[in-house]
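What follows is the residue order along each chain.
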Amino acid sequence: MKTPAPGRACGIVLVLLSLATLQTLRAQKNDIDIYSLTVDSKVSSRFAHTVVTSRVVNKASTLQEITFQMELPKKAFITSFSMIIDGVTYPGNIKEKAAAQEQYSAAVARGESAGLVKATGRKTEQFQVSVSVAPAAKVTFELVYEELLVRHLGAYELLLKVQPQQLVKHLQMDIYIFEPQGISFLETESTFMTNELAEALITSQNKTKAHVRFKPTLSQQQKSPEQQQDTVLDGNFIVRYDVDRTVSGGSIQIENGYFVHYFAPEHLATIPKNVIFVIDKSGSMRGRKIQQTREALIKILGDLGPRDQFNLISFSGEAAQWKPQLVPASAENVNEAKSYATGIQAQGGTNINDAILMAVQLLERANREELLPAGSVTLIILLTDGDPTAGETNPSRIQKNVQEAIDGQHSLFCLGFGFDVSYAFLEKLALDNGGLARRIYEDSDSALQLQDFYQEVANPLMTSVAFEYPSNAVEAVTRDTFRLFFKGSELVVAGKLRDQNPDVLSAKVRGQLHMENVTFVTESRVAEQEEAFQSPRYIFHSFMERLWAYLTIQQLLEQTVSTLDAEKQALEARALNLSLSYSFVTPLTSMVITKPEGQEQSQVAEKPVENENRHRNVHSGHTLFRYHSMGDRASRITGGSSADPVFSKRRGWRGQAGVFDKLYSFPTRLGPPGPLHPPHLPYPFHRTTWGPTLPDVMSQTTTAAPHPAPIQPPSVILLLPGQSVDRLCVDLKRSQGPTNLLSDPGQGIEVTGHCETEKAHFSWIEVTFKKPQLQVRASPEHVVVTRNRRSSAYKWKKTLYSVMPGLKMTMDKAGLLLLSSPDRVTIGLLSWDGPGEGLRLLLRDTDRFSSHVSGTLGQFYQDVLWEPLAAADDSKRTLKVQGHDHSATRELKLDYQEGPPGTEISCWSVEL
């Protein structure tokens, strides 16, 4: 392979942002052709090695600038990037950050455009690089990144973002998973998959290995027959799985002289907890934030266990406790606390210091008075959206005060709501005191994010966990003591085997359960383990050594947060040496990429830390593409223009409520800037009306005759196969409160809902499955899916395709969510925006109901008898259901089942 000759290339600095997911090129269709895009991801014992390769050709007659853009998981480290242009390779080299910064600063001083890329989403970060390509020339981009998948609420998750922006002749994703412990379940989820695309998705699996392949044809990628050049591929592709576990709860795996020890015992009893929720109610929490906080707190209070104790502290300029002491989580106390939470109002300053110290004092007093149950754990959960403004406001002094007060006796967890809070302050506060920090993003699902975090810490299983290995067998072991182990998580320790490899590596894990000490013993035969990791398709070379290095770097960087300067420098030096040795782009390193001669400027892209995103509203899904034509000097920016009041050419999207606010600085093209194309105007907004349109009062003086009211849909349309009447319209006029709509033990399905009787639609519908254990709750705002205590929110009319064992869940752009499996009734939930807009329920394959089905709607699938038509009035008849008579009337209704605008039907209708 050729490399650039001396003097033929100039260096550009690319300080990578730890960017992660799958997105690729921004280029004008037809002129720039992505003819191949492949993703190869090998997950070996939770460690993922992903290679993204994109091949592009410039079909234009002029020089074109091509931008390779990619999103990656935040926790991933980029390890390699290269460009091959006309057979010449331009590689990336990892350097210490300071050295790369010198090149970057020098480029700025020369007046060259420096590409500082800092675009961050919730789970992903973004990387991009641009290069100018001659007519007919081809470019191959290759990006490699690695990450250790973390177990979250009982599952590992591999996330790829797919946004090629055009049809790709050869598009293929291969995900290989190898887990020696055995794969207990595997599921896939996509936000862009259609039924046609699903045919290109193939999943194969045996006990220890799985292969997921996605290889769509050009026709399958097309958005529609009318939009044959537009791709439907735009969104997330997710693989989730978990592994089998032994009684000991541990698995030691060995490869090429390194080991990793995974520990997650099952079937342990939850330890009772004493938890104090410290809630910010300062003025900045006013509005949606405090509303979502109240909503989440009410749900969290309902999830407290019967052996738990709790209290609430709310604070603004001053702190106030709900009760003078901890109280048991009885039904009475929980309901009273919910009422208190409902009344929390936002106003005043932010006194974080006094609020946390009040929580510590409550726990200390309870401990002195022996009111804490033996063997229980104590947790403080802080939620705030801003920096301290009242009482003690110096962050360092607050951190010192809190650490001295807690003194290692309790765990503090800090949640930062939005971007106006110093995340670095909260992170140190938490890590100093045995907890962790988490950012809560301002969005429609903020309440769910809060609930999701609580579920992570809701079930402590062990305390004071310590891993022990024979000192003569291992060295360079990562962190091996942990204050708490929670249900659904996993503790991971890695290290090197000493030169004299033992035949058997044994380990002990000691810890404390609720009322007893416990020791788990695990053994692993070295030769057997080495042999297990031999399949080249599923394994990449020396992956366990790289896993050890990755984990060591992550833990060293975390330790620097809560250490003094001298020790911090030593930790950073160790992390830097490992980053350079293993070619990881971390917050301490940068990547230098050479580019062909004459392509100006250095470019820097650094791996960001969480606190760098202050004062930034981050919304996923927005992208920016820049195209340069060197021949005609024209440039185009899609997503905005200089005429757009929201878009600034120099600064990117300006910060507005709900507006993408990230700083982009793109490489400038050679020569003077060309004229901008006319501003791209948004499509006009169309609203379909089913009633009359209002006359123009300025041009008409006559009064139009009144039109009849539009035909309305019923609450529910039931399909009744095998009966003399195959369709029944049901209006729920008399139901009060939540209603049991369907319950079928044979199918393992329950459906409940609350019907707005005056409007004949549902305000919410909840579907619960026993296998797999899954709950789907639909509201007008979104759909919330909860599995294994993990909740995810999906907006209506955003495509979704999720396949899990025993169930398929899909949503189309019309807002129809279908829950189906080969042997079950299909349940549909529809966000209907036709006449009588609201939530609607659909039932298909109803002949699959068992004989035990019941409920307000389920009763119609039992013994049903239609009486003959009345002689005097053939529009009325009687329906007998389980011994009860219901009057049925022939009426004209609107069938909503195929989506708006609906179809008029003549239907037998009953009121319940």
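Residues numbered from 1 in each chain as written. Predicted model: local features only at pLDDT ≥ 70, side-chain atom pairs only at ≥ 80, totals over all residues. Heavy atoms only, no water.

Engineer: Tell me about the overall build of the protein, and please be specific about residues and values.
Structural biologist: Scanning the protein from N- to C-terminus turns up 12 helices and 54 strands. Residue burial in the protein is summarised as follows: out of 912 residues, 55% are buried. Of the contacts made within the protein by residues no fewer than 6 positions apart, 70% connect residues no fewer than 24 positions apart. For the protein, the exposed area adds up to about 39300 Å²; of that, 49% sits on carbon and sulfur atoms. (Helix = DSSP H or I, 4+ residues; strand = E, 2+ residues; numbered from the N terminus. Buried < 20%, exposed > 50% of the residue type's maximum accessible area, 1.4 Å probe, protein only. Contact = heavy atoms within 4.5 Å. Areas by Shrake-Rupley, 256 points an atom, 1.4 Å probe, with all protein chains shown as cover.)

Engineer: Could you give an account of the pairing of strand β5 (residues 64-73), with specific residues and numbers?
Structural biologist: Look at any regular strand and the pattern is simple: side chains alternate between the two faces of the sheet. Of all the 10 residues making up β5, 10 are buried; the element is thus mostly covered by neighbouring parts of the structure. Bridge count between β5 and strand β8 (residues 124-133): 10 bridges; the pairing is antiparallel. The residue of β8 that forms the bridge with Leu 72 is Glu 125. (Pairing = 2+ DSSP bridges.)

Engineer: Before we move on, can you summarise the sheet that holds strand β29 (residues 481-486) with the specific residues and values?
Structural biologist: Strand order in the open sheet made by the four strands is β29-β27-β31-β32, with antiparallel pairing throughout. Two strands lie at the open edges of the sheet, namely β29 and β32 (517-525), each paired on one side alone. For this sheet, the mean angle separating the axes of adjacent strands, direction not counted, is 30°. Bridging between strand β27 (residues 460-468) and strand β31 (residues 504-512) involves four bridges; their strand directions are antiparallel. Looking at the pairing, Ala 466 lines up with Arg 510 of β31. (Axes fitted to C-alpha atoms, helices over the stretch in contact; angles between N-to-C directions.)

Engineer: Pulling in residues and values, what's your account of the pattern of salt bridges?
Structural biologist: One pass over the structure, following the stated rule, counts 34 salt bridges. In this structure, the salt-bridge partner of Arg 151 is Glu 266, at a minimum N-O distance of 3.8 Å. In this pair, Arg 151 is assigned in the loop between β9 (138-148) and β10 (156-162) and Glu 266 in the loop between β19 (258-263) and β20 (273-280), connecting sequence segments 115 residues apart. Accessibility expressed as a relative area gives 8% for Arg 151, which makes it buried. Exposure remark for Glu 266: the relative accessible area of 38% places this residue in the partly exposed category. For Lys 880, the salt bridge is made with Asp 885, and the minimal N-O distance between the two is 2.8 Å. (Salt bridge = Lys/Arg side-chain N within 4 Å of Asp/Glu carboxyl O.)

Engineer: How would you summarise the confidence of the model for the protein if you had to cite specific residues and measurements?
Structural biologist: Fine structural detail should not be taken from predicted coordinates in areas where pLDDT scores are low. Chain-level statistics for the protein give a pLDDT mean of 80 and a share of 81% at 70 or above. When the criterion is pLDDT under 50, residues 613-702 qualifies, and its contacts beyond four places in sequence or with other chains add up to 161 contacts. (pLDDT = per-residue confidence, 0-100.)

Engineer: Report on unusual backbone geometry, specifying residues and quantitative values.
Structural biologist: Of note, the bond from Lys 771 into Pro 772 is cis; its omega dihedral lies within 30 degrees of zero at -5°. Take Pro 772: it is sitting in the loop between β42 (761-769) and β43 (774-778). A cis amide bond links Pro 900 with the next residue in sequence, Pro 901, at an omega value of 5°. On the secondary structure map, Pro 901 appears in the loop between β53 (884-895) and β54 (903-911). Even without glycine at this site, Arg 789 takes up a positive phi of about 65°. Position of Arg 789 relative to the elements: it lies in the loop between β44 (782-787) and β45 (790-795). Residue Arg 789 is classed as partly exposed on the basis of its relative accessible area of 22%. Its identity is not glycine, yet Asp 845 carries a phi of approximately 55°, on the positive side. Here Asp 845 lies in the loop between β50 (838-844) and β51 (864-866). Relative accessible area serves as the criterion here: at 33%, Asp 845 is assigned to the partly exposed category.

Engineer: Residues and numbers for the sheet that holds strand β28 (residues 474-475), please.
Structural biologist: An order of β18-β19-β30-β28 is seen for the four strands of this open sheet, with the pairing classed as antiparallel. If you trace the sheet from one side to the other, it starts and ends with β18 (250-255) and β28, each paired once. Bridge count between β19 and strand β30 (residues 491-497): six bridges; the pairing is antiparallel. Looking across to β30, one finds that Tyr 262 is bridged to Val 492.

Engineer: Before we move on, can you summarise the state of the cysteines with the specific residues and values?
Structural biologist: Enumeration according to the criterion identifies one disulfide in this entry. Sulfur-sulfur distance for the disulfide between Cys 729 and Cys 907 comes to 2.2 Å. Judged by the sign of its S-S torsion, about 115°, the bond between Cys 729 and Cys 907 is right-handed. Of this pair, Cys 729 sits in strand β39 (residues 727-731) while Cys 907 sits in strand β54, and the two are 178 residues apart along the sequence. The exposure class of Cys 729 is buried, given its relative accessible area of 0%. (Disulfide = S-S within 2.5 Å.)

Engineer: Requested: an account of helix α7 (residues 395-406), with residues and values cited.
Structural biologist: Counted at 1.5 Å a residue, the expected span for α7 with its 12 residues is 16 Å, and the 16 Å between its end C-alpha atoms agrees. The elements touched by buried residues of α7 are α6 (352-368), β25 (411-417) and α8 (423-431). Capping of α7 at its N-terminal end is provided by Asn 394; its side-chain oxygen lies 2.9 Å from the backbone amide nitrogen of Ser 396. Asp 407, located one to two residues past α7, shows a positive phi value of around 50°. (Expected span 1.5 Å × (residues − 1). Polar contact = N/O pair within 3.5 Å; in protein donor to acceptor, adjacent residues only side chain to side chain.)

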